[in-house]
Amino acid sequence: MTTTTPTRRPRPAWLLLVPALALLAGVLLVPLFQSFVRSITTPTWTLEHYARLFTDGVTLTVLGRTATTALLVTLIAFLLGYPYAYFMTRVSDRTRAVLLVVVLIPFWTSVMARNFAWLTILQRGGPVHTFLTWIGLGDIQLVGSQIGVTIAMSQVLLPFMVLPLFSALSGIDRKLLLAARGLGSSPLVAFWKIYWPLSRGGVVAGLILVFTLSLGFYVTPALLGSPQQSLIAQLLAQRTTQLLDFAGAGALGMLVLVVTLVLVAWANRVGGTISAIGVVATSGSKGR
Amino acid sequence: MSTDTALEPGTETAYVTAGRKGRRRRDRSVDPIPWWQWVVGIAVAIYFILPTLFVIPMSFGGNGSFQFPPKEFSLDLYVNFFSNPKWIGSLGNSLVVAVLASLLATVVGTAAALGLHQLTGRLSQFLRTILMVSMVTPAIVVAVAVYVSFLQWHLVGSIGGYVLAHAAIGVPFVLVSVTSALGGFDAKLLRASASLGATPWRTFLRVTLPLISRGVLTGAVFAFVTSLDEVVIALFLRSPFFQTLPVQMYTAVTVEVDPTIAAASSLVVVTVTLLLLIPLLVRRPKRR
């Protein structure tokens, strides 16, 4: 009669994870794995496709251009993001809630709407171009060049700089600064010796995150950049859909993926970024 | 400070809240916010919202090319959006895909969050990271891999392919918001319910689900919005017979130079904003 005992044994909790993992495997892991396998087995076991990335001349040039753009975007995001995050820690709770909503706006503004808006703002005859011509800077080509791409990408990626920075900065006790001032230090020295070292975890996390994410941008460079100055994502798309070089594209994709994941893991170790961003992104205007 | 607040977890915040008024006033005089920080903060805030500000006025500009400021006020673009089968059809496709994808993501994501909540240790940490990884994987790398694999599985251009891919990228949002809802969940309730004879399923429906419903709703909204807005994977999965709204918008900019995209953009931005307000509105009355 042991088979009919009514005691219910709790089912193992990991069973609840099976559907999500299966979905993820089907859409992400298996295709990525297949793409990896394709890149080392076409036509037979070979590393030729990886070797070609470094010898065909094009890939390295594009990689270099992508890295330069990413560095520039990261720098701009940092120069704008740090003061903003700092400002957020200073204002009243109500103002902070508004500033946080503002941060999340690029996060949740439709990708296509945003890029289209940047296109109209920056294009020849658009408001920014007109203004620059009017103040005598001459005819600067913003769309179809790296300038437009950099401006638009910095705006989209700013939340990824501001959010980890804000979480790091809001944990710093300002009384330390006041104490330094009280002991006779100038505001700049107090900031540099006390505040900046304490904020460095958030800074590193933000820098790595923005740099990493800007490596994979596709839509913005495709719409605002020029085809002659394509970035790595466009090269990847072109090799897949136009050249049908699935193995070569697979090798390039693996390279981008590995670089990204290594950098993200590093950022995550420094600042616990992935989950922090997930939480803030889904928390709306909850304040802290 | 009364002793009962000191006994609670999160004493720090209790102190701050209790002493906020007085402390802040003192802070202001000793440690004022310099005017230039306001200038920088507001300037960066404008940069954050600039494209979003342009989207809506653009949509009333009539059938010129992409121009700002618009020369006239007209509803032509909206009329065109709702009468042209290309636009309204792709909107319909997008909505169907987004509803199905967010349903799937919500079900599997909620299950996974519940499972992870019961698990501890390194394995659960690892599984959580795996489930979150699509948040930082470059969309283009996923898109290219998914495209080639889905070609073999005959999922390119099918509604099923879109739903699976979008559900997978929606899972992290559900996972994060349900996990944070489970944060305040008292596991004793489960034992109480079981001891009263409820099956695990009934316990889930009557005890767990009502308590985490806000998290589930928030996750579902974010998964919906993510799918509605997703463009990179959608560009690869499109077929002449089935494409989503972001893909149509992409074509409108790159190929057709169709100003109707302005109307589409503002519709998407307004819809997404309204959708994101839902969790906030539901949250408010429940706050104690």
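Just so it is clear, the structure is predicted and the values come from calculations on it, not from any experiment.

Scoring rules and cut-offs
Residues numbered from 1 in each chain as written. Chains lettered and ligands numbered in written order. Predicted model: local features only at pLDDT ≥ 70, side-chain atom pairs only at ≥ 80, totals over all residues. Helix = DSSP H or I, 4+ residues; strand = E, 2+ residues; numbered from the N terminus. Buried ≥ 20, exposed ≤ 12 C-beta atoms within 10 Å, placed from the backbone. Contact = placed C-beta atoms within 7 Å. pLDDT = per-residue confidence, 0-100. Axes fitted to C-alpha atoms, helices over the stretch in contact; angles between N-to-C directions. Parallel < 35°, antiparallel > 145°, perpendicular 65-115°, else oblique. Left-handed = near helix turned anticlockwise from the far one by under 90°. Expected span 1.5 Å × (residues − 1). Bend = angle between axes of the 7 residues up to and from the residue. Nonpolar A, V, L, I, M, F, W, Y, C, P; charged D, E, K, R; others polar. Core = buried A, V, L, I, M, F, W, Y, C linked by C-beta atoms within 7 Å.

A. Just the overall build of chain A, in detail. Each helix and strand counted, chain A has 13 helices and 0 strands in total. Of all 288 residues assigned to chain A, the portion counted as buried reaches 47%. Once local pairs closer than 6 in sequence are excluded, the contacts in chain A between residues at least 24 apart make up 76%.

B. Up close: the overall build of chain B. If you tally the helices and strands in chain B, you get 13 helices and 0 strands. Walking chain B from its N terminus toward its C terminus, one meets helices and strands in the order α-α-α-α-α-α-α-α-α-α-α-α-α. Counting every position in chain B, which comprises 288 residues, the buried fraction comes to 42%. Counted over contacts in chain B with a minimum sequence separation of 6, partners at least 24 positions apart contribute 74%.

C. Main features of the confidence of the model for chain A. All names here are of chain A. Residues of chain A with pLDDT of at least 70 account for 90%, and the chain-wide mean is 83. No element of chain A has a lower mean pLDDT than helix 13 (residues 273-282), at 56, and none a higher one than helix 3 (residues 58-90), at 92. The low-confidence segment residues 1-5, where pLDDT is below 50, has 0 contacts with residues more than four positions distant or belonging to other chains. The low-confidence segment residues 284-288, where pLDDT is below 50, has 12 contacts with residues more than four positions distant or belonging to other chains.

D. How the structure looks around the packing of helix 5 (residues 111-122) of chain A against helix 7 (residues 146-169) of chain A. Residues and elements named next belong to chain A. Two elements in contact, helix 5 and helix 7, have axes separated by 11 Å at closest approach and are oriented at 135°. As far as their axial angle goes, helix 7 and helix 5 are oblique. The way helix 5 lies across helix 7 gives a crossing that is right-handed. Residue-level inspection shows R114, N115, W118 and L122 of helix 5 in contact with helix 7, the latter providing G148, I151, A152 and V156.

E. Main features of helix 9 (residues 187-215) of chain A. Spanning 29 residues, helix 9 of chain A covers only 37 Å between terminal C-alpha atoms, well under the ideal 42 Å at 1.5 Å per step. Taken as a whole, helix 9 of chain A carries its principal kink of about 50° at A:R200.

F. Region of interest: the environment of B:I88. Residue and element names in this part refer to chain B. As for its placement among the helices and strands, I88 is situated in helix 5 (residues 85-118). Residue I88 is classed as partly exposed on the basis of its 15 C-beta neighbours within 10 Å. Along the chain, I88 and L104 lie 16 residues apart, while their C-alpha atoms are 24 Å from each other. Setting aside anything within four residues of it in sequence, one finds I88 in contact with F81 and F82.

G. The packing of helix 3 of chain A against helix 9 of chain A, seen in detail. Residue and element names in this part refer to chain A. The contact between helix 3 and helix 9 brings their axes to 8 Å, and the two run at 140°. When the axis of helix 3 is compared with that of helix 9, the two are oblique. Crossing of helix 3 over helix 9 shows right-handed handedness. Where helix 3 approaches helix 9, its residues T66, T69, A70, L71, V73, T74, A77, F78 and G81 are matched on the opposing element by G206, L207, V210, F211, S214 and L215. Taken together, the residues of the contact of helix 3 with helix 9 break down into 9 nonpolar, 6 polar and no charged.

H. Quick peek at the interface of chain A and chain B. At the junction of the two partners, chain A supplies 68 residues and chain B supplies 76 residues. When its residues are assigned to classes, the side of chain A that touches chain B shows 48 nonpolar, 17 polar and 3 charged.

I. Quick look at the nonpolar core. B:V144 and B:V171 are the most contacted members of the largest nonpolar core, which totals 161 residues. Apart from residues lying up to four places away in sequence, B:V144 is in contact with A:L236, A:A237, A:T240, A:A249, A:G253 and B:F236.

J. A look at the environment of B:A220. Residue and element names in this part refer to chain B. Inspection of the secondary structure assignment puts A220 in helix 10 (residues 200-229). Between the alpha carbons of A220 and A105 there is a distance of 7.5 Å; along the sequence they are 115 residues apart. For A220, the contacting residues outside a window of four places in its chain are S102, T106 and V174.

K. Structural context of the environment of A:K175. Tracing the backbone shows A:K175 in helix 8 (residues 175-182). Measuring from C-alpha to C-alpha, the distance between A:K175 and A:T109 comes to 38 Å, with 66 residues separating the pair along the chain.

L. Representation of unusual backbone geometry within the structure. For A:L244, which is not glycine, the phi torsion reads 55° and is therefore positive. With respect to the secondary-structure elements, A:L244 resides in the loop between helix 11 (232-241) and helix 12 (246-271). Here A:L244 falls in the exposed class, since 10 other C-beta atoms lie within 10 Å of it. Look at B:H154: it is not a glycine, yet its phi comes out positive at around 55°. Note on placement: B:H154 falls in the loop between helix 7 (139-152) and helix 8 (159-182). For B:H154, a count of 10 C-beta atoms within 10 Å translates into the label exposed.

M. A look at the confidence of the model for chain B. All names here are of chain B. Per-residue confidence for chain B averages 82 on the pLDDT scale, and 85% of its residues sit at or above 70. Averaged over each element, pLDDT in chain B is lowest for helix 1 (residues 3-7) (36) and highest for helix 5 (93). Under a pLDDT of 50 for its full length, residues 1-26 has, in the predicted model, 8 contacts with residues more than four places off or in other chains. ipTM for the predicted complex: 0.83, alongside a pTM of 0.84.

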